[in-house]
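# Structural description and commentary
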Amino acid sequence: MNTNAKLFWILCGFFVLADIAYTVWSIVVHNAGYLTQLAGVQAPGTDPGSPVEWAGTLAIGLSAIMSAFIAFYLGRSHRSVGGELPEDRLDANIDDGDAEQGFFSPWSWWPVMLAAGGALLFMGIAIGIWLAFIGVAVTAISLVGWVYEYYRGNFAR
Amino acid sequence: MFFAGLFAIYFTLRSTSPELWAAETPKLNVPYALTNTIILVASSFTAQFGVFAAERLQAKRTGWNPVKWGMVEWFFASYALGAIFVTGQVFEYANLVSENVSLASNSYGSAFYLTTGFHALHVTGGLIAMLLIIGRAYSVKNFGHKEATSTIVVSYYWHFVDVVWIGLFLVIYVLK
């Protein structure tokens, strides 16, 4: 986790440098335009505008701040929880970093039922409200069926 | 992203027709909405205490004292507070419609009901999710990590919906 934190601190530093470069560059380019105005190319009396391009300056600056958030959070988590991730080891393999995928049903009809219920519900709202009532019933049954699929029958714990 | 779009609708209409806002916003009952907001924020706190209980893998209470409550009791409390919030919204809508602010009355009405209405739908979805989580706690003999995880996931959703409402409340009722 230490490596992850460091990576995000590096990313934060990169965004700070990029922001400085972007801001300076936009001022330079703007002033170049200002010089053409002095030479009479730009229409006289038009507002030259702000020398800083605020949209990009803010976006890159916020990217730096958000990288710092994640880096700070990872550093704090590392200090309180500890633990060595594969990213911290030089001899780790790619598949050592496989995340815990959680539990997924090998197959289930409930998502298909739920999709059909939702389709009926919204089709009913669009073309005839009587259909929506059937859709609500199918949706409710399949939602409960899906949520409790592994909580009853063979799988009851 | 979805709510950002709704906020953008609200801000755009506000900037193009300020006179409509001047005419319609005095009809809002701000103390009433503030009370409702406090109820919703309180439900986030009770939901978080439910998460703490779930992380102790404690589904049910060991006494009437809230310190001894389990996840189920805290989520029932959150459900009650959330349900009071939605009921309060319904009464507020009824009052506003009686003052001729409706979805079809003008662009202020459209923006108001779209933003708060979609939020209320999300709250209702969260209420249903809480009931399903409470049901899971009752359907197992041993409340385990799988049930605790689903509790935490629903609480994340609930906190998100709560934060969106704080934004909506500040924009619609405070800034106007």
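Residues numbered from 1 in each chain as written. Chains lettered and ligands numbered in written order. Predicted model: local features only at pLDDT ≥ 70, side-chain atom pairs only at ≥ 80, totals over all residues. Heavy atoms only, no water.

This part is about the UniProt feature "transmembrane region" (unreviewed entry) in chain A. All names here are of chain A. Look at the UniProt record and you will see "transmembrane region" (unreviewed entry) annotated at residues 7–28, 54–74 and 120–148. Across residues 54–74, helical content stands at 100% and strand content at 0%; the span's end C-alpha atoms are separated by 30 Å. For residues 120–148, helix accounts for 93% and strand for 0%, while the C-alpha atoms at its two ends are 22 Å apart. (UniProt positions renumbered as here; feature names shortened; annotations may be inferred. Helix = DSSP H or I, 4+ residues; strand = E, 2+ residues; numbered from the N terminus.)

Let us look at the layout of surface pockets. The calculated volume of the largest pocket comes to roughly 510 Å³. As for the largest pocket, its lining consists of 15 residues, and the residues nearest its centre are Phe103(A), Trp146(A), Val147(A), Arg136(B) and Lys146(B). Of all elements in the fold, only helix H4 (129–147) of chain A together with helix H6 (145–175) of chain B reach the threshold of two or more residues within the lining of the largest pocket. Counted as a void, the second largest pocket has a volume near 330 Å³. Along its surface, the second largest pocket is lined by Leu114(A), Gly118(A), Leu121(A), Phe122(A), Ile125(A), Val136(A), Thr139(A), Ala140(A), Leu143(A), Val144(A) and Ile128(B). Elements represented by at least two residues in the lining of the second largest pocket include exactly helix H3 (110–127) and H4 of chain A. Residue classes in the lining of the second largest pocket are distributed as nine nonpolar, two polar and no charged. (1 Å grid on protein atoms, 1.4 Å probe; cavity = no way out; pocket = protein on both sides within 12 Å on 5 of 7 lines; lining within 4 Å. Points joined across faces, edges and corners; volume = space filled by probe spheres on them. Nonpolar A, V, L, I, M, F, W, Y, C, P; charged D, E, K, R; others polar.)

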